[in-house]
Amino acid sequence: MTALLKLLRSAPFSARLGMGMVLITLLAAILAPAIAPYGETAVTGDVWLPASSSHWVGTDNLGRDLFSRLLFGARNTIAIAFLITALSFGVGTVWGFLAATVGGWIDQLLSRGVDILMAFPTLIFALMVLSVVGTSIPALVVVIALLDSTRVFRLSRAVAMDIAVMEYVEAARLRGEGLWWLMRHEILPNAMPPLVAEFGLRFCFVFLFIAALSFLGLGIQPPTADWGSMVRENAGAITFGIYTPLWPAGAIAFLTVGVNLIVDWFLHVASGLED
Amino acid sequence: MNNPLLEMKDIVIEGLTGDAWAPIINSLDLTLRKGEVLGLIGESGAGKSTLGLAAMGYARQGCRIASGAIVFDGQELLGAPASQLRLIRGARIAYVAQSAAASFNPAHRLIRQYAEGPVQHGLMSAAEAEENAVTTYRQLLLPDPENIGYRFPHQVSGGQLQRAMMAMAMSCRPDIIIFDEPTTALDVTTQIEVLAAIREITRRFDTAAIYITHDLAVVAQLADRIMVLRNGDLVEENDAGEILAHPREPYTRDLLAVRSFRKRESDAALKKEVILKVEGLTASYTGENNVLEDIDVSVHRGRTVALVGESGSGKSTLARVITGLLPAVNGRVVFNGDVLPAALKHRKREDLRRLQMIYQMPDTALNPRQKIRKIIGRPLKFYFNASRRQQEARILELLEQVELPADYIDRYPTELSGGEKQRICIARALVAKPDLIICDEVTSALDQLVAEGILKLLLNLQRQLQVSYLFITHDLATVKAIADEIVVMLAGRIVEKGPKKEILTPPHHAYTHRLLACVPEMDPNWLDRLLEKRPAA
Amino acid sequence: MGDLRPDFVGIEALPGDLAEAVLGQSATPETVAAFRKELKLDLPPHVRYVAWLGAFVRGDFGNSLANRRPVADLISWRFANSLLLAGVTALIAVPVAVILGILAALYRNTVFDRLISMATLSTISFPEFFVAYILIALLSVRVALFPSIANINADMTLGQKLYAICLPCLTLAMVVTAHMMRQTRAAIINILASPFIEMANLKGLRRLRVVVLHAFPNALSPVINVIALNLAYLVVGVVIVEVVFVYPGLGQLLVDSVSKRDIPVVQASGLIFAATYVMLNLLADVLSIVSNPRLRNPR
């Protein structure tokens, strides 16, 4: 715990900035119902009103308060992205570790299967599958988590492969330890640094991916507030010189830049510890 | 006395640790005369490579030459502009790195890399340089000197590549060559070729050299003068013969004594029961080419069998077969009178407990994320189902046995030195109360003095606990020190085996003879005598 | 073959009946039957798969469900448009990214490097549409330099087309350049840390020679790999940018067809994207083998 505090104190400006950005977004998401001046779907004024004291960043294409929707949007989008990332990590790391630890035909089977899934660009694959199964939130979560878990599988398998050849893992095998011990006690603790960094990167990717799908009208469906669909709904405004769509788009960028700044620093620290 | 060719005065070199600069070399002086070979010797962390590179006015990333003077042939190198340094590097001072495989550019042919120096320094035309290369390759006894240069680095074997790099260093006929552990990564029989090549270069061209190594016996063959370094300080400096004959400092004496300790002639006559018997073992990784062919080995209780061979001889593979990691194609392993199943997963927990293993690299043999308490405690829980309190008591007992302080119990392996980590590995093996421990090159990653400590510890433990060792090594000095019986392996077969005395006294099998002959001795004339005896090449 | 399976399985796994899903719950049984007949849904799955695959290979993608026109007609000129967009972007992005990447690696840890690193880190964190709308706001609304809608048709000259796609190209180029540059920089730094570069320096060679003759040939393989992979990424990146700029490319068609559930069009355009992507990935593998000196000259 003290080591963590010390590490945090040694963080450079960019990383502190990133932490600040992520913290602000998280607070906004958690406190949305408490601090939002209006409801998520309440129509409160005219269409595309400019910023004023009653509407801090104006209103959207249906006259809803944009600031309130940004807060609720944070809640929805982050929660879904986090759920998907967690799911994809749960699936990806377990199978990846398994493939690396057991090897043989199980590894071959899993790896070739993932190769086939990864041969498709994620966005195209998701679009094709969603065109068939329809765009509900559960479908979205399962499809993206599954597609994303292939990337997690690749990484965790590669990391675990490097660890599995270490003599301390061999020593545990020779002791007669079972698969679960090997994965949980020998491999996982040593795989944590790259996996934590990857979690940040995958979260960004998933977050951007959902935003992109929503922006295309195929992700989270209205009237649920979601940053990607908010960009889409207000896209028309830009040609009139009204910058409403830049707010949700900027919010997406704000969070991902924050996470990336932290991950960048974390990778730097982790690589420095190794040599 | 003529003027020194290279004079380094009051050199301080600092390295970056975290955000602060800490000294690696503390105010050292070094002089080198024309044609003189200076040996820099020390254990890891002594700063010998850093000092050697500083002679070229070069410091690696994360290091800096903080102060001092480096005068080469009347020119001050420290603080000299890059253009001036460039004229000297390669042309007048050349460098031979430890790993030739990593230091040759994989994209270019050997001869092109040879010719690059002289051509770029304006000494010869490309055609002249290539002609020159063939001559040098011939002088260094490289096979097929006319054509070997037209190969790519990865197409040439390790020992040959190391000699090709020396040829490259010679390309501009430099005044000084810096050899940075050039034989450390090589087998003993290959090492001889490289040492002979270095001797050839320094004698024939009267080239001065700085020879950096951790092996006193190797440097004794080549150096006129030796500097012993430790933690960035000079311990002792003298003529090579003087240092070997009359070392002044205790540290130097320790280094010299490393190869001289021997296991007490144990009660060898007393034949005890056979713990491990390997019969007609044949193994293969691919299912086609056998890596091991018809191996028979037996180990008696409380005795040490040393398995000797060079890289690729199959000695580590044998360990993998015995432990069950690589199931044998043919033959069987009898342990304590029972035939062990070939595959690890079919073996009983009790059999696993009685057969333990210690590895070469203590760094990778201990899980860096587990405390010593867990590393040693887990086998106790696993094999004996010991309670937490029983575990702690036993761990403390073991730490004492391997001569480590009790408070190490709550440390992580990364907080320990290499030798200490290896002691933890020994404790982890002992905690299972094994009958047999397979020791796979357990000392070769350690500094010599530390290695000696480990060997002594292993012998003590054997006396106390009557545990048997199957000791895998390429280092004959280690074998001489600790073995009761010796098994010599070559290309997957046993060449010769028997009690130590028998194997080490002539007549030998031809290969055993070659192996024994290639082990450097602390005698400055050893290399000369060896080369004289060889058919002239 | 493996490439074709997933979406086929997808259709098989469709909840409920495809015909009902497309025609709606209120469709009469006769319409559904006719529809099923047209899509050959009355035949067993493996027969349909083989028939569909055979037709696909011959260039017959079937008819669109939305407007009954042959899919091939719909797709061909849109695919050409997408290729134009991706191609022009690649022409801008590849040289810029590689040069900046090499410079950042050579001048590592300088102000220049840090600026570039911050800028690229931000750019890769931005969603494509954010970059696009900022560019529209700046270069199309504030200063009316370029059109905010990239509308092109077959009658336009190349110059007119290029002018129309300025903003989408710029958007894509920025995003792709950021990715490519970071990876190029990492690859070069990796090479510069190798012992053979130290050796080249200790041989007293000029810095330029070390970089060009010693570092570059070895960096070629990873850098080519980076370029090819990013081109593959580019192919997919066009989808969103096309939607933002209402550009008549394959990506926009795909998105439209997904919302209309026009399965034959989705299948065909998706497969074309996937095929291009797979080809470029394959190309990346082949090129990185060809340009790797160790693999090119086996033992």
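Residues numbered from 1 in each chain as written. Chains lettered and ligands numbered in written order. Predicted model: local features only at pLDDT ≥ 70, side-chain atom pairs only at ≥ 80, totals over all residues. Heavy atoms only, no water.

1. Things to note about the overall build of chain C
- Summing up its helical and strand segments, chain C has 14 helices and zero strands in all.
- The secondary structure elements of chain C, listed N-terminal to C-terminal, are α-α-α-α-α-α-α-α-α-α-α-α-α-α.
- On chain C, roughly 13900 Å² of surface is accessible, and the fraction owed to carbon and sulfur atoms is 66%. (Helix = DSSP H or I, 4+ residues; strand = E, 2+ residues; numbered from the N terminus. Areas by Shrake-Rupley, 256 points an atom, 1.4 Å probe, with all protein chains shown as cover.)

2. Details of the side chain of Thr85(A)
- Tracing the chain through its elements places Thr85(A) in helix α3 (residues 66-102).
- For Thr85(A), the residues in contact, after removing those within four places along its chain, are Phe199(A), Arg202(A), Phe203(A) and Val206(A). (Contact = heavy atoms within 4.5 Å.)

3. Looking at the sheet that holds strand β8 (residues 208-213) of chain B
Residues and elements named next belong to chain B.
- The six strands lie next to each other as β6-β7-β8-β3-β9-β10, forming an open sheet whose pairing is mixed. On the outer flanks of this sheet lie β6 (93-96) and β10 (233-239), each paired with one strand and no other. Geometrically, the sheet is characterised by an average inter-axis angle of 15 degrees between neighbouring strands, direction not taken into account.
- As paired elements, strand β9 (residues 225-230) and β10 share six bridges and run antiparallel to each other. When the bridges of β10 are listed, Val228 appears paired with Glu236.
- The strands that helix α7 (residues 158-170) touches are β6 and β7 (176-180); relative to β6, the one it contacts most, it runs at about 170 degrees.
- Its contacts with the sheet place helix α11 (residues 250-257) against β9 and β10, and it is angled at close to 105 degrees to β9. (Pairing = 2+ DSSP bridges. Axes fitted to C-alpha atoms, helices over the stretch in contact; angles between N-to-C directions.)

4. Here's the deal with the side chain of Gln160(B)
- Structurally, the position occupied by Gln160(B) is in helix α7.
- Among residues more than four places away in sequence, those in contact with Gln160(B) are Leu142(B), Pro143(B) and Ile148(B).

5. With respect to the interface of chain A and chain C
- Residue-level contacts link 37 residues of chain A with 44 residues of chain C.
- Across the chain A to chain C interface the summed buried area is about 3500 Å²; carbon plus sulfur atoms make up 81%.
- Run the count over chain A and chain C and you get one salt bridge.
- In this structure, Arg182(C) and Asp264(A) form a salt bridge, with 3.2 Å as the shortest nitrogen-oxygen distance.
- The tally of links from chain A across to chain C stands at three residue pairs in polar contact (both at pLDDT 80 or more).
- Elements supplying a minimum of two residues to the side of chain A that touches chain C: α4 (104-119), α5 (122-133), α8 (179-215) and α10 (246-274) of chain A.
- For the side of chain A that touches chain C, the element with the highest residue contribution is α10(A), accounting for 10 residues.
- When the residues that make up the side of chain A that touches chain C are grouped by side-chain class, the tally is 28 nonpolar, seven polar and two charged. (Buried area = accessible area lost by both parts, 1.4 Å probe. Salt bridge = Lys/Arg side-chain N within 4 Å of Asp/Glu carboxyl O. Polar contact = N/O pair within 3.5 Å; in protein donor to acceptor, adjacent residues only side chain to side chain. Nonpolar A, V, L, I, M, F, W, Y, C, P; charged D, E, K, R; others polar.)

6. A closer look at a nonpolar patch on the surface
Residues and elements named next belong to chain A.
- Residues Leu23, Leu26, Leu27, Ile30, Leu31 and Ile35 make up a contiguous nonpolar surface patch of roughly 550 Å² in combined accessible area.
- Mapped onto the elements, Leu23 comes out in helix α2 (residues 13-35).
- Exposure remark for Leu23: the relative accessible area of 53% places this residue in the exposed category. (Patch = residues over 30% accessible without salt bridge, like charges linked within 9 Å, V, L, I, M, F, W, Y side chains within 5 Å. Buried < 20%, exposed > 50% of the residue type's maximum accessible area, 1.4 Å probe, protein only.)

7. Re the interface of chain C and chain B
- On the chain B side, the residues contacting the 21 residues of chain C number 29 residues.
- When chain C packs against chain B, the two sides together hide about 2400 Å² of surface, and 54% of this comes from carbon and sulfur.
- Among the residues of chain C in contact with chain B, Met199(C), Leu202(C) and Lys203(C) are the three that bury the most area, contributing 28% of the side total.
- Across the pair Glu198(C) and Arg60(B) runs a salt bridge whose closest N-O atoms are separated by 2.7 Å.
- At the surface where chain C touches chain B, the tally comes to 12 residue pairs in polar contact (both at pLDDT 80 or more).
- Going through the elements one at a time, α10 (195-202), α11 (207-244) and α14 (293-296) of chain C are the ones with two or more residues in the side of chain C that touches chain B.
- When residues of the side of chain C that touches chain B are assigned to their parent elements, the largest contribution, six residues, is made by α10(C).

The analysis is restricted to geometry; functional conclusions fall outside its scope.
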